[in-house]
Amino acid sequence: MKYLFFLFLLFLSNFGNAQSVQSPSGKIVLNFKLAANGQPLYAVSYKNKAVILESALGIKLKEKPALDANFEILTSKNSSFNESWKPVLGEQSSIENHYNELIVSLINKESKVKMNIIFRAFDEGVAFRYDFPKQADLNYFIIADEVTQFNLTENNKVFWIPGDFDSNEYEYNETKLSEIDNSKINMNNGIGVKSIPGKYMVQSPLMMKSPSGLYLNIFEAAVVNYPVMHLNVDVKNYKLTAQLVPNAIGDRAYLQTPCVSPWRTIMISNDARDVVGSKMILNLNEPSKIDDTSWIKPMKYIGIWWEMHVGKSTWDYAGSQNATNFADAPKASGKHGATTENTKRYIDFAAKNGFDGVLVEGWNVGWEDWNGNWKEEVFDFVTPYPDFDIAAISAYAKSKNVKMIMHHETSGSVANYERHLDRAFENMVKYDYPAVKTGYVGKIIPRGEFHDGQTMVNHFNFVAKRAADYKLMVNSHESSRPTGYGRTYPNYVAAEAARGTEFNAWSIGNPPMHETILPFTRLLGGPMDYTPGIFEIKMSYYDKNKTEQVHTTLAKQLALYVTMYSPIQMAADLLENYEKYPDAFQFIKDVAVDWDESKYLQAEPGDYLTIARKAKGKESWFLGAITDENARKTEIKLEFLTKGKKYKAIIYEDAKDADWKKNPIAYKIKTMIVTNKSKINLNLAAGGGTAISFEPIN
Ligand code: NOJ
Ligand code: CA
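These numbers come from a predicted model, not from an experiment. Along each chain, numbering runs from 1 in the same order as the chain's sequence is written. In the order they appear in the text, chains get letters beginning with A and ligands get numbers beginning with 1. Under the rules for a predicted model, residues below a pLDDT of 70 receive no local features and side-chain atom pairs below 80 are neither given nor counted, while totals for whole chains, interfaces and linings still include all residues. With hydrogens and water stripped out, all remaining heavy atoms of the structure feed into the side-chain values.

Peer 1: What is the right way to look at the overall build of the protein chain in this model?
Peer 2: Along its length, the protein chain carries 13 helices and 36 strands. Each radius of gyration reported is based on C-alpha atoms, and the globular scaling rule is 2.2 Å times the count of residues to the power 0.38. Computed over C-alpha atoms, the radius of gyration of the protein chain comes to 25 Å, within 12% of the 26 Å expected from 2.2 N^0.38 for 698 residues, which places it in the range of a compact globule. For the protein chain, the spread of C-alpha atoms along the principal axes amounts to about 75 × 65 × 50 Å. Think of it in three bands: with a 1.4 Å probe and only protein chains considered, a residue is buried below 20% of the maximum accessible area for its type, exposed above 50%, and partly exposed in between. Sorting the 698 residues of the protein chain into buried and exposed places 63% on the buried side. Contacts are assigned to residue pairs that have any heavy atoms within 4.5 Å of one another. Here the analysis covers contacts within the protein chain between residues at least 6 apart in sequence; of these, 70% occur between residues at least 24 apart. Carbon together with sulfur atoms contributes 50% to the accessible area of the protein chain, which is approximately 25400 Å² in total. Of the side-chain charges in the protein chain, 79 are positive and 81 negative, and the distance between the mean point of each set is 5 Å. In this description a helix means any DSSP run of H or I spanning at least four residues, a strand means any run of E spanning at least two, and both kinds are numbered starting from the N terminus. Using a 1.4 Å probe, accessible areas were evaluated by the Shrake-Rupley method; residue-level cover was limited to the displayed protein chains. For the charge count, each Lys or Arg is scored as positive and each Asp or Glu as negative, with His and the chain ends excluded. Taken as the charge location is NZ of Lys, CZ of Arg, CG of Asp or CD of Glu.

Peer 1: What am I meant to see in the sheet that holds strand 33 (residues 647-654) here?
Peer 2: In a beta sheet, neighbouring strands pair by backbone hydrogen bonds and run either parallel or antiparallel. Strand order in the open sheet formed by six strands is 29-30-31-36-33-34, with antiparallel pairing between adjacent strands. What marks the edges here is a single partner per strand, and that holds for strand 29 (595-604) and strand 34 (667-674). Taking the axes of each pair of neighbouring strands and ignoring which way they run, one obtains an average angle of 15 degrees across the sheet. Between any two strands, at least two bridges found by DSSP are needed for them to pair. Where strand 33 lies against strand 36 (residues 689-696), seven bridges are found, and the strand directions are antiparallel. By the bridge assignment, Lys-648 is partnered in strand 36 with Glu-695. Only the contacting stretch of a helix is used when fitting its axis, a line to C-alpha atoms as for every element, and angles between N-to-C directions run 0 to 180 degrees. Contacts from helix 11 (residues 554-563) reach strand 29, strand 30 (608-615), strand 31 (621-627), strand 33, strand 34 and strand 36 within the one sheet, and its direction differs from that of strand 31 by about 120 degrees. With respect to the sheet, helix 13 (residues 582-590) is in contact with strand 31, strand 33, strand 34 and strand 36, its orientation differing from that of strand 33 by roughly 120 degrees.

Peer 1: Any chance you could explain helix 6 (residues 390-399) here in plain terms?
Peer 2: The periodicity of an α-helix, 3.6 residues per turn, causes residues three or four places apart in sequence to face the same way. Of all the positions in helix 6, only Ile-390, Ile-393, Ser-394 and Ala-397 are classed as buried. Angular distribution of buried residues about the axis of helix 6 spans 100 degrees; they occupy a single face of the element. Of the residues flanking the end of helix 6, it is Asn-401, one or two places downstream, whose phi is positive at about 60 degrees. Throughout, the arc means that of the directions going from the helix axis to the C-beta atoms.

Peer 1: What's the story with the coordination of the calcium ion (ligand 2) in this structure? I'm lost.
Peer 2: Note on metal sites: the ideal angle is 109.5 degrees for four tetrahedral donors, and 90 or 180 degrees for six octahedral donors. Distances decide who is a donor: an N, O or S atom must be within 2.8 Å of the metal, or within 3.2 Å for Na, K and Ca. Water is not included, so sites may look incomplete. Donor atoms from the polypeptide that coordinate the calcium ion (ligand 2) comprise Gly-606 (O), Asp-607 (OD) and Asp-628 (OD), at 2.3 to 2.5 Å from the metal. One chain supplies every donor to the calcium ion (ligand 2), and in sequence these donors are spaced G-D-x20-D. Residue Gly-606 is located in the loop between strand 29 and strand 30, and its partner Asp-628 is located in the loop between strand 31 and strand 32 (632-637); the two are separated by 22 residues in the primary sequence. Of the two residues examined, Gly-606 and Asp-628, each falls in the buried class.

Peer 1: Would you mind showing me how to read the site of ligand 1 here?
Peer 2: Lining the immediate surroundings of ligand 1 are 14 residues, of which Trp-305, Glu-361, Glu-409, Lys-437 and His-477 lie closest. Between N or O atoms, a polar contact is any pair within 3.5 Å; within protein, one atom must be a potential hydrogen donor and the other a potential acceptor, and residues adjacent in sequence are included only when both atoms are from side chains. A distance of 3.0 Å separates an oxygen atom of ligand 1 from a polar atom in the side chain of Glu-478. Glu-496 is positioned with one of its side-chain polar atoms (N or O) 3.1 Å from an oxygen atom of ligand 1. Summarising the interface, the protein chains cover 95% of the accessible area of ligand 1, which totals 300 Å² for the free molecule. Side-chain classes are defined by residue name, with Ala, Val, Leu, Ile, Met, Phe, Trp, Tyr, Cys and Pro counting as nonpolar, Asp, Glu, Lys and Arg as charged, and the others, Gly among them, as polar. Tallied by class, residues from the shell around ligand 1 come to five nonpolar, three polar and six charged. Being near a molecule or strand, for a residue, comes down to having at least one heavy atom within 4 Å of it.

Peer 1: Which parts of the structure should I look at to understand the packing of helix 7 (residues 414-430) against helix 8 (residues 454-469)?
Peer 2: Axis angle and axis distance: for two packed helices, these are the angle between their axes and the distance between the axes, and together they describe the pair. Across the interface, helix 7 lies against helix 8 with an axial gap of 11 Å and an inter-helix angle of 5 degrees. With respect to their mutual orientation, helix 7 and helix 8 come out roughly parallel. Judged by residue contacts, Val-414, Tyr-417, Glu-418, Leu-421, Asp-422 and Phe-425 of helix 7 engage Met-456, His-459, Phe-462, Val-463, Arg-466 and Ala-467 from helix 8. Here the residues of the contact of helix 7 with helix 8 sort into eight nonpolar, one polar and three charged. Angles are sorted into four bins: roughly parallel if under 35 degrees, roughly antiparallel if over 145, roughly perpendicular if 65 to 115, and oblique for all others.

Peer 1: Can you help me understand the pairing of strand 7 (residues 95-108) in this one?
Peer 2: For a regular strand, the rule is simple: side chains alternate between the two faces of the sheet. The element strand 7 is extensively covered by neighbouring structure, given that 11 of its 14 residues are classed as buried. Here strand 6 (residues 71-85) runs beside strand 7; their pairing, made up of 14 bridges, is antiparallel. Residue pairing in the sheet places Phe-81 in a bridge with Tyr-99 of strand 7. Linking two consecutive strands that pair antiparallel, namely strand 7 and strand 8 (residues 114-122), is a turn of five residues; a positive phi of about 70 degrees is found at Lys-112 within it.

Here you go:
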């Protein structure tokens, strides 16, 4: 206690004459000052307690003096901002953007370079960015490094994945900060297994909980024309430092004034629900650049997809992935998934069960040769296999009022994709596909670039922009993780950019706590195409020698439709598996994917999450509750329902003997009449969940 008090005094005295900005509630205070050597420093407190100790700010330039010292303050300006805006698709139909701002304008005494640092304090956190005005002394420049630090006060609990510049598809580790150790994890980041002892790298968003119960999250917003920020961890001193992803020759970013860096964000609250429900990342992005957004629509979809992951069919036509070239082996193997006939079966099922869309993977030539070959010209994104009659399929889908979702796997060959992009999008328009799922499996070509580098960030953003020109929606897989750019380009409806359901089909999979962490990390930057809805949970169903399984109960798969927000949401399992459990499938048919309101009822990262959401433009509500590997009993109050209305609640829950490992499918469905005064007891099995639909009856 004494020590903390001393720290606090030190904190106050150090920043006695500093510029500062506080959150509208006054709970969060950010102080700025220049050190004796002119280095910019900031510190943050929450309810008068230091949360970020004095931490360095600045940028190192290539071939120019660093912008991390020798500064003096030209001006500083405080202001306030408060507005509401309406996302095209979202977790709520109106978002409040309320913050106080401090802009500190600096000039470097030696180089005369001007740099502003813009700070914003929201109720759930703070953000800051570097702003480089147009000036004679700084026009075109290269960023060699960013010195931004986050100097933490305590040995927090941390949910971390290793700092791999090519992939975010990792399981989360839950350890103390001092125990972060990625030295045994083989990463693509130029350091790989050779991490310097004691110095480790993790990815952001980084979710933490302090020993005293404060929730902290470090992330970034509006990553545009800049590389992704990973975090170097000094495990002894609890200090995090920005690690910008380099390009093939080690440079971090090429910029030209006027320009800005992305926002560096720190969320702080003693209530985890404030973090999981925060719209701060979206708020820090530019408003929509698309004027007419009427063509951007939510979609619930099925697809020719899981059948390949479970080994029932193949993407390629000739049946020998990586072995032969399509041209040399044009004979059908008989296992090809994307046939005209199979696609029509999916379209029929979608029409019958009210799905908006059908995704088809493996429809185009190239899959014989796609993965691991580092070949530049694999796909042309327009040539279908001989057994996929794209014109007939498109006409059939239209006749059934079902939309087709195109798949563009680039196999990391980005230069090739950009060359073909306009023809690929024209082809989509021609056959009336409103959405594309893109994919970037493997190493990036041009060789030496990372998925998280500036070039690739620009590529992902460019694809969203160009897609908007064609009125197409984008759902990217293996992209860098979103940082709220979906506000600016609302047609960028979802991304994968984390470890999705597919891992359960062919690897050790995702542990039950995985889905209780993602909403605190990956989902803060935008919706995730997690592909829930697996009913046949054990892979031994497909092949008795297989031991893999989805680490879930069936009821939890239903709850994920509410807890894992995405306006383009898949029902991922095989059609025949849905036909076997029609009563449980009813929830997937009913659940909304676009919302007026969201209530975060219970939340603890790594442990559990309960969210209730109101369907956009309707009176119906849906609730999802999930737990990690521990069974959980809890009571929820239905205060969110409209006063005076009666609702029919259909509760889809784990059966008494359900267990993600021993008995995952066992579920029970019961119906109740409830009002906003009712309470419901939830009984979640180990690795389980509960899903509830509420339909008004008066
Ligand atoms: C990985 C994607 O995440 C998955 O959804 C897709 O089926 C495969 N790549 C093939 O493109
Ligand atoms: Ca846990």
